[in-house]
Amino acid sequence: MNYEPMLIGKKILIGITGSIAAYKSILVVRLLVKAGADVKVVMTPAARDFVSPLVLSTLSRNKVIIEMAEGDEWSNHVMLGRWADVFLVAPLSCNTLAKMAHGLCDNILLAVYLSATCPVVVAPAMDEDMWQHPATQKNISALAEFGNHIISVRKGELGSGLFGEGRMAEPEEIVNYLVEHFFRAATLKGKKAIVTAGPTYEAIDPVRFIGNHSSGKMGFALAEALYLQGADVLLITGPTHESIPYEGLRVQRVVSAAEMFSAADTAFADADIIVMCAAVADFRPVEVAKEKIKKKTATLELSLTKTGDILKHLGSRKKKGQYLAGFALETENAEANAREKLSAKNADCIILNSLQDKAAGFGVDTNQVTIFDRSGTVLSLGLQSKKEIAKEIVSFIVSRIHE
Ligand code: CTP
C-alpha cells in the first residue's frame, strides 16, 4: 500500500525492546520512512542483542537513542515524547510491559513512555505461556486503562519454536493500524460511502453456480481509498479472496445479485457516495434445482431471467447531494455505450474499464480506465496499479462533490 501523502511530515517514534520479534521492527521503520514519515528510534539496552542500532539509524536516517546520557550529553526524553505524533513500541516485551504498567523508569525508553504527551501504541510479542499469564494480562489491561492503544498479538509460530498466541503483528499490519487510527485524511470526514465489489454467484443447484472472473481487487481498492480519505465506508462484496486491512471499514459479504441488491438498497438512503464496481450477474436461473442435477441427459437447458439492475434502481432513487458512480465493461462501441449507461442509469459518472490491454481488467493488479461524467468531462487514467487508479477515481469524486 502506498500511504503517501498521508504520512508525509508525520513524526513517528519507534520504541524497540528485547524480543526476537525486534527483527520485524526494521521493516516497520523501512515502511514508515518509505511512506514519507519522519522516524526516530529509541531502544532498551536489551534490544541491542536482537537488532543492530546501525541498521536502524541508517534506515531511519536518525541517530538511535539507547542510553539516558552519552558522554556528557543528556538524551532529552521529554522532548522526544513531545516531538512525536505517535509513540509506537514494537515489539513490546513482557518485561518492558510489566515496567510500563507499574511506572518504572530504569531506561530511556521507559522515560520517554512516562513523559510522552502523544498517543502510545504497543505491539506485544512473547511466548504463549508468558502472554497468557495472569500477571501479563493484568499488565496489558493496565496499559489499556491508561489509554494506550494495543495491537493484539497474533497466533502463529513463536520465537521458541512453539505454535500459539503471542506473535507480534506483521509490519504491514502495524503500519495499517497507525494509518487507520491516526493518519486518515479528513477530506471525506462525515461522508458515508457504499462500494460494491466482486462477482455475484447465481445458483443452478446446491453445488453449481453462474459466476464471472471478477476478483474484487478494484472495488476493494476503491473502498480503501475512500476510507483513507476519511469516509465511513460500507463495502458490499460478492465472493472474493480479497481482504480489508482496516478494522473500521465495514464489509458485508453477499453471494447473489439479489442479496447485493437488497444490501445496497438498504444502505442507500443515507449514503453520500455510492460506487458500483461489482460485476453483477445480468441473468440468474429461473429455478434453482433442490438436488444436484445428474448428467442423465445429453444436453441440459437452463432457463435464465434478468437480475435486478442495482445501479439503475439506485439511480432512480437518487436524491440531491448523493453522488452515484457506475462502471462499464464494453467490448465494442465502448465510449458510446458508456455514455448511454450514464443517462440510462441516472449515474453521475461512468468509469469505463479498458479491455485493450492485457494488464487491465479481471484478476490483475493493474487497470486503465476512462471516466465520463454528466458535465461532459472525459478523464483518461493511464495504466497503473488498481490502488493508484482507485485514488485517482476518489480524487475525481471529491472534486465533484466539493464543487
Ligand atoms: N450493474 C448493477 N446491477 C446489475 C448489472 C450491472 O448494478 N444487475 C452495474 C455494475 O455494477 C456497473 C454497471 O451496472 O456499475 C454497468 O455494468 P455492465 O456489466 O457494464 O453493464 P450492464 O448494465 O450489465 O449492461 P450490458 O451487460 O448490457 O452492457
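Residues numbered from 1 in each chain as written. Predicted model: local features only at pLDDT ≥ 70, side-chain atom pairs only at ≥ 80, totals over all residues. Heavy atoms only, no water.

## Let's talk about the side chain of Q322
Right, on to step 1. On the secondary structure map, Q322 appears in the loop between α11 (310–317) and β18 (323–329).
Right, on to step 2. A polar atom in the side chain of Q322 sits 3.0 Å from the backbone oxygen of F268.
Right, on to step 3. A distance of 2.9 Å separates a polar atom in the side chain of Q322 from the backbone nitrogen of K319. (Helix = DSSP H or I, 4+ residues; strand = E, 2+ residues; numbered from the N terminus. Polar contact = N/O pair within 3.5 Å; in protein donor to acceptor, adjacent residues only side chain to side chain.)

## A word on the sheet that holds strand β6 (residues 120–124)
Strands pair in a sheet through their backbones, by hydrogen bonds, and they do so in one of two ways: parallel or antiparallel.
Right, on to step 1. Within the open sheet, the 5 strands sit side by side as β2-β1-β5-β6-β7. Their pairing is parallel. Since the sheet does not close on itself, it has two edges, and those belong to β2 (38–43) and β7 (149–150), each with one partner.
Right, on to step 2. One ladder, built from 2 bridges, connects β6 with β7; its direction is parallel. When the sheet's bridge partners are listed, V122 is paired in β7 with I150.
Right, on to step 3. Together, β5 (86–92) and β6 form the strand contacts of helix α4 (residues 94–102), whose direction differs from that of β5 by roughly 135°.
Right, on to step 4. Set on the sheet, helix α5 (residues 108–115) makes contact with β1 (11–16), β2, β5 and β6; between it and β2 the angle comes to about 120°. (Pairing = 2+ DSSP bridges. Contact = heavy atoms within 4.5 Å. Axes fitted to C-alpha atoms, helices over the stretch in contact; angles between N-to-C directions.)

## Some points on the packing of aromatic side chains
What describes a pair of aromatic rings is the distance from one ring centre to the other and the angle between the planes of the rings.
Right, on to step 1. Taken as a whole, this structure holds 3 aromatic pairs when the rule is applied.
Right, on to step 2. Summarising the aromatic geometry, the rings of Y201 and F209 are spaced 3.7 Å apart at their centres and angled 10° between planes, so their arrangement reads as stacked.
Right, on to step 3. Residue F209 is classed as partly exposed on the basis of its relative accessible area of 42%.
Right, on to step 4. The ring of W83 has K40 sitting right over it, with the charged end atom 4.5 Å from the ring centre.
Right, on to step 5. Here the basic side chain of R184 rests over the ring of Y227, its NZ or CZ set 3.7 Å away from the ring centre. (Phe/Tyr/Trp six-rings, centres within 6.5 Å; stacked < 30°, edge-to-face > 60°. Buried < 20%, exposed > 50% of the residue type's maximum accessible area, 1.4 Å probe, protein only. Lys NZ or Arg CZ within 6 Å of the ring centre and 35° of its normal.)

These figures come from the coordinates and say nothing about function on their own.
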